[in-house]
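Each chain, letter by letter, is given below.
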Amino acid sequence: MKKLNIFCIIIGIICLLVAGYIVTDKILIKEDNKIEIDEEKELKDINNHLSKIGSPLGWLIVKEGIDSQDDNGKYSPKYNYNYLEKYENRQLFVMEYILSYQDNIDSFTVLSAGDQSVVEDTPTSDFTLAYLDYKIFNKYYKELLGEDFKITKGKMGNTKYDKDYVYFDNRHHGSNGVYVSMITSDKVEYKKGEYIASVKATYSTRLADILDKETSDGIISYTKDGNNNIILKSFILKK
């Protein structure tokens, strides 16, 4: 009889612990979803950040459009698709961001696409291949995306520079005014440990003509590091 009582007490304690864990977990989830942010400040922060990265991030829309164009050269953005999911897209985004600063252009090694000799051209010149030293590239990559870049996972140019340099997948050939002029946000929320910004991508006149629309709405999710720097997680256009 005593053994039965002890067994019942043990079962009762276990049930209480499990119930307590479930209730605590639900409270924590609820509290996480209830976290309030200073939306005015957050909007200012994300829009300041987007003023720097918006156009480079927009190149991913152009790149994916080019990759999916039909025989007539017609293409459209990918919707409900994370443009930062592909490793090569993350690589291209960071490269475009680096190139948005004029002082960085001289840091690139530019090769002739023919004999692969070093030439005095810009990284975006036609009929060239361009590379950037890994350490320089990785500094920006980690700053924007919160992790180290792995060369072996990225896109390569199939030259001897692929070992120690990062390849720039130049999509400027014949772009003829096709680009995203800016991305802006008008709303930020905090959900499940991430900031969710509602954004609008504004297209250049030429791109707007191709797509038959001037803008697209989307979502950017991000976190922040210990220094309050924005770390991008996803960029999605909504249909």
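Counting from 1, residues in each chain are numbered in the order their sequence is written. Two thresholds apply to this predicted model, a pLDDT of at least 70 for residue-level local features and 80 or more for giving and counting side-chain atom pairs, whereas whole-chain, interface and lining totals are computed over all residues. As a convention, hydrogens and water are excluded, and side-chain values are obtained from all of the structure's heavy atoms.

## Some details on the nonpolar core
Then, in step 1: The biggest cluster of nonpolar side chains holds 55 residues, and the ones touching the most others in it are Phe93 and Phe235.
Then, in step 2: Here a helix means four or more residues in a row that DSSP labels H or I, a strand means two or more in a row labelled E, and each is numbered from the N terminus. Here this core gets nine residues from one element, more than from any other, and that element is helix α2 (residues 39–67).
Then, in step 3: Two residues form a contact once any of their heavy atoms are found within 4.5 Å. Here Phe235 is in contact with Leu57, Ile61, Tyr81, Asn82, Tyr83, Leu84, Ile183, Val199, Ile219 and Ile220, once residues within four sequence places are set aside.
Then, in step 4: By nonpolar core is meant a set of buried Ala, Val, Leu, Ile, Met, Phe, Trp, Tyr and Cys residues that side-chain atoms within 4.5 Å join together. When a residue's accessible area, from a 1.4 Å probe over protein chains only, is under 20% of the maximum for its type it is buried; when over 50% it is exposed; and in between it is partly exposed. Counting residues in each nonpolar core, the second largest holds five residues, with Leu111, Tyr131, Tyr161 and Tyr167 among its members.

## Section: the pairing of strand β1 (residues 108–112)
Then, in step 1: Counting buried positions along β1 gives five out of five residues, so the element sits mostly inside the fold.
Then, in step 2: Neither face of β1 is exposed, since Phe108, Val110 and Ser112 on one face and Thr109 and Leu111 on the opposite face are all buried.
Then, in step 3: Pairing analysis gives five bridges linking β1 to strand β2 (residues 128–133), with the strands arranged antiparallel. Of the residues in β2, the one forming a bridge with Leu111 is Leu129. DSSP calls a pair of strands paired once it identifies at least 2 bridges connecting them.

## Considering the sheet that holds strand β6 (residues 215–224)
Then, in step 1: With antiparallel pairing, four strands are arranged side by side in an open sheet as β4-β5-β6-β7. Among the strands making up the open sheet, the edge pair consists of β4 (180–191) and β7 (230–237). Within the sheet, the average angular offset between the axes of one strand and its neighbour, ignoring direction, is 25°. Whenever a helix is involved, its axis is fitted only over the stretch in contact; in every case the axis is a line through C-alpha atoms, and angles between N-to-C directions fall within 0 to 180 degrees.

## Some details on the confidence of the model for the protein chain
Then, in step 1: With 87% of its residues at a pLDDT of at least 70, the protein chain reaches an overall mean of 89.
Then, in step 2: Each residue gets a pLDDT score, which is the predictor's confidence in that residue and runs from 0 to 100. Scored below 50 in pLDDT, residues 26–31 shows zero contacts in the model against residues more than four places distant or in partner chains.

## Points about the packing of aromatic side chains
Then, in step 1: Pairing of aromatic side chains requires ring centres within 6.5 Å, counting the rings of Phe and Tyr and the six-membered ring of Trp. Pairs whose planes differ by under 30 degrees are stacked, by over 60 edge-to-face, and all others tilted. Enumeration over the complete set of coordinates arrives at 15 aromatic pairs.
Then, in step 2: Their ring planes at 80° and their centres at 5.1 Å tell us that Tyr81 and Tyr83 sit as a pair that is edge-to-face.
Then, in step 3: Overall, Tyr81 belongs to the buried group, its relative accessible area being 16%.
Then, in step 4: Ring geometry for Tyr87 and Phe149: centres 5.3 Å apart, planes at 20°, overall stacked. One end of the pair, Tyr87, is in helix α3 (residues 87–99); the other, Phe149, is in the loop between α4 (134–145) and β3 (165–168), and 62 residues separate them in sequence. The burial state of Tyr87 is the same as that of Phe149; both residues are buried.
Then, in step 5: Lysine and arginine charges are scored as sitting over a ring when NZ or CZ, respectively, is within 6 Å of the ring centre and within 35 degrees of the ring normal. Against the face of Tyr81 rests Lys78, its NZ or CZ located 4.6 Å from the ring centre.

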